[in-house]
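Here is what each chain is made of, one letter per residue.
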Amino acid sequence: MANMCPYGRFTHAVVRGIPETFGKAVGDGRENGDISVDLAKAQRQFGCLTGALRQKVGLQLIEIPPDPELPESWRIDDVAVIQGDTALITRPFKQQRRSEVEAVRRVMSELNLTVVEMGGEEGDSGGATLEGSDVLFTGREFFVGISSHTNRRGAEVLADTFRDFAVSTVPVCGGARLRNICSMGGPDTIIISNSDGAKKTLRMMEQLTDHHYEVLTVPEESAANCIYIKGPSKRDFLLHRPAEECPDSVSAFQKLQDYTLLPTACSEASKLGASLSSLCLLINRKHTYF
């Protein structure tokens, strides 16, 4: 499984707007537990993210309209795993989220990607759950976090779909998603939080891979999720949480030489357990592999 593609080369970003029901429980209109979210602020933050992706990084932006009947549909990263020309449509853990995939499936087809379905409860993938926020692709291999949202059968479906790449499963501690505690900061760099759970997951990843990755540790867990993109201009961009949200981690990002750092707020989505990468699907349609 020696296949590799240059990590971070993207041409398109697919996003889904923040609905008026942001932060509400499905069906009863109540807030998500005791969490108080600011809808207008969340929509402004979403606008800043999409503006950065389009205007600063230079990606083509495809925006799916918000759907108030699907209050978590803005977490678009959960419903597809994309590599090369293939898009695996996932099966989120919550039954009420599974209709989110329909609009995303249409966009993937319009982009002429090969769409692979996890299928229904019956058949070979019966019982499988998989959310994209539990999947870390490094350009060389996949790590799938086994969490309260993703199970081993879901990881097996992913491995069957992307057979050219090694797929390893790692535990995710504390009920988080894998990419809440780590993300890629470049082709060979993993950004990871300094928490004990994250360190345990990293040790497992290091035991399972034959490749050496550089590790950039950040003191705040919410800072560990970043979006690295080598844009059409061939510049290295890193979207990361700003100093107002993660003041102790800014100095760590400044160690990344020759990067264009783009502080991007995500406080409202973060209150609901999401992170920057939850808000977009990144795609490369120019086949710039080498």
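Small disclaimer: the values here were computed from a predicted structure and weren't measured.

Student: Explain empty space enclosed by the protein to me, please; I cannot follow it from the model alone.
Tutor: It is the rolling of a water-molecule-sized probe over the atoms that shows where space remains empty. Overall, the coordinates contain three cavities of 30 Å³ or more when judged by the stated rule. In this model, the largest cavity occupies a volume close to 550 Å³. Secondary structure elements with two or more residues in the lining of the largest cavity: strand E3 (80–83), strand E6 (135–137), strand E9 (182–186), strand E12 (227–230) and strand E15 (281–283). At four residues, the largest contribution of residues to the lining of the largest cavity is made by E3. Broken down by class, the residue content of the lining of the largest cavity amounts to 20 nonpolar, seven polar and three charged. Volume-wise, the second largest cavity comes out at about 80 Å³.

Student: So what exactly am I meant to see when it comes to the side chain of Asn 225 here?
Tutor: Inspection of the secondary structure assignment puts Asn 225 in the loop between strand E11 (214–218) and E12. On the basis of relative accessibility, which here comes to 1%, the residue Asn 225 falls in the buried class. Sequence-distant contacts of Asn 225, that is, excluding residues within four places in its chain, are made with Arg 179, Ser 183, Ser 275, Leu 276 and Ser 277.

Student: I would appreciate a short explanation of the sheet that holds E12 in the present structure.
Tutor: Backbone-to-backbone hydrogen bonds join strands into a sheet, with any given pair of strands oriented parallel or antiparallel. As summarised here, the arrangement of the three strands in space is E12-E13-E14, forming an open sheet in which the pairing is mixed. Taken across any chain shown, the strands that pair with only one partner, and hence form the sheet edges, are E12 and strand E14 (259–263). Strand-to-strand twist across the sheet, computed as the mean angle between neighbouring axes with direction ignored, equals 20 degrees. Pairing analysis gives five bridges linking strand E13 (residues 236–240) to E14, with the strands arranged parallel. Its bridge partner lying in E14, Leu 238 is registered against Leu 261. In the packing of helix H1 (residues 39–57) onto the sheet, contacts are made with E12, E13 and E14, and the angle to E13 comes to roughly 170 degrees.

Student: What am I meant to see in the packing of aromatic side chains here?
Tutor: For any pair of aromatic rings, the description rests on two quantities: the centre-to-centre distance and the angle between the ring planes. Per the stated rule, a full pass over the model turns up eight aromatic pairs. With a centroid separation of 5.2 Å and 90 degrees between ring planes, the pair formed by Phe 137 and Phe 165 is classed as edge-to-face. Separated by 28 residues along the polypeptide, Phe 137 in strand E6 and Phe 165 in the loop between helix H3 (152–161) and strand E8 (166–171) bring together distant segments of the chain. Across the pair, exposure class does not vary: Phe 137 and Phe 165 are buried alike. Three or more aromatic residues joined by ring pairs form one cluster here, namely Tyr 7, Phe 10, Tyr 228 and Tyr 259.

Student: What's the story with H3 in this structure? I'm lost.
Tutor: Within H3 the residues assigned to the buried category are Gly 154, Ala 155, Val 157 and Leu 158. One side of H3 holds all its buried residues, which, seen down the axis, span an arc of 155 degrees.

Student: What am I meant to see in the sheet that holds E9 here?
Tutor: With respect to topology, three strands assemble into an open sheet ordered E9-E10-E11, the strand pairing being mixed. If you trace the sheet from one side to the other, it starts and ends with E9 and E11, each paired once. Direction aside, neighbouring strands of the sheet carry axes that sit 30 degrees apart on average. In this sheet, strand E10 (residues 189–193) lies alongside E9 in antiparallel orientation, the contact comprising four bridges. Bridge pairing links Ser 183 to Ile 191 in E10. Sheet contacts for helix H5 (residues 196–208): E10 and E11; angle to E10, the most-contacted strand, approximately 150 degrees.

Student: How should I be thinking about the nonpolar core in this particular structure?
Tutor: The nonpolar side chains of a soluble globular protein tend to be buried with one another. By size, the foremost hydrophobic cluster in this structure holds 44 residues, and its most contacted members are Leu 88, Phe 142, Leu 158, Leu 238 and Phe 253. Ranked by the residues each element gives to this core, the list is headed by strand E7 (residues 141–146), at four residues. Sequence-distant contacts of Phe 142, that is, excluding residues within four places in its chain, are made with Val 81, Gln 83, Val 135, Leu 136, Phe 137, Leu 158, Phe 162, Phe 165, Ala 166, Val 167 and Ser 168. Listed in part, the 27 residues of the second largest apolar core include Val 37, Val 57, Ile 227 and Cys 280.

Student: Would you take a moment to explain the confidence of the model for the chain for this structure?
Tutor: Here the chain averages 91 in pLDDT, while 90% of its residues score no lower than 70. Between residues 27–32, whose pLDDT stays under 50, and residues either more than four places distant or in other chains, the model counts eleven contacts.

Student: Would you explain helix H2 (residues 101–110) in this entry?
Tutor: Helical geometry: 3.6 residues make up each α-helical turn, so side chains three or four residues apart lie on a common side. Listed in full, the buried residues belonging to H2 are Val 101, Ala 103, Val 104, Val 107 and Met 108. Each buried residue of H2 sits inside an arc of 165 degrees when the element is viewed along its axis, so together they form one side. Opposite the buried face of H2, by more than 90 degrees, sit the exposed residues Arg 106 and Glu 110. On its buried face, H2 sits against strand E1 (12–16), strand E2 (60–64), E3, strand E4 (86–89), strand E5 (114–117) and E15.

Calculation notes
- Residues numbered from 1 in each chain as written.
- Predicted model: local features only at pLDDT ≥ 70, side-chain atom pairs only at ≥ 80, totals over all residues.
- Heavy atoms only, no water.
- 1 Å grid on protein atoms, 1.4 Å probe; cavity = no way out; pocket = protein on both sides within 12 Å on 5 of 7 lines; lining within 4 Å.
- Points joined across faces, edges and corners; volume = space filled by probe spheres on them.
- Helix = DSSP H or I, 4+ residues; strand = E, 2+ residues; numbered from the N terminus.
- Nonpolar A, V, L, I, M, F, W, Y, C, P; charged D, E, K, R; others polar.
- Buried < 20%, exposed > 50% of the residue type's maximum accessible area, 1.4 Å probe, protein only.
- Contact = heavy atoms within 4.5 Å.
- Pairing = 2+ DSSP bridges.
- Axes fitted to C-alpha atoms, helices over the stretch in contact; angles between N-to-C directions.
- Phe/Tyr/Trp six-rings, centres within 6.5 Å; stacked < 30°, edge-to-face > 60°.
- Arc of directions from axis to C-beta.
- Core = buried A, V, L, I, M, F, W, Y, C linked by side-chain atoms within 4.5 Å.
- pLDDT = per-residue confidence, 0-100.

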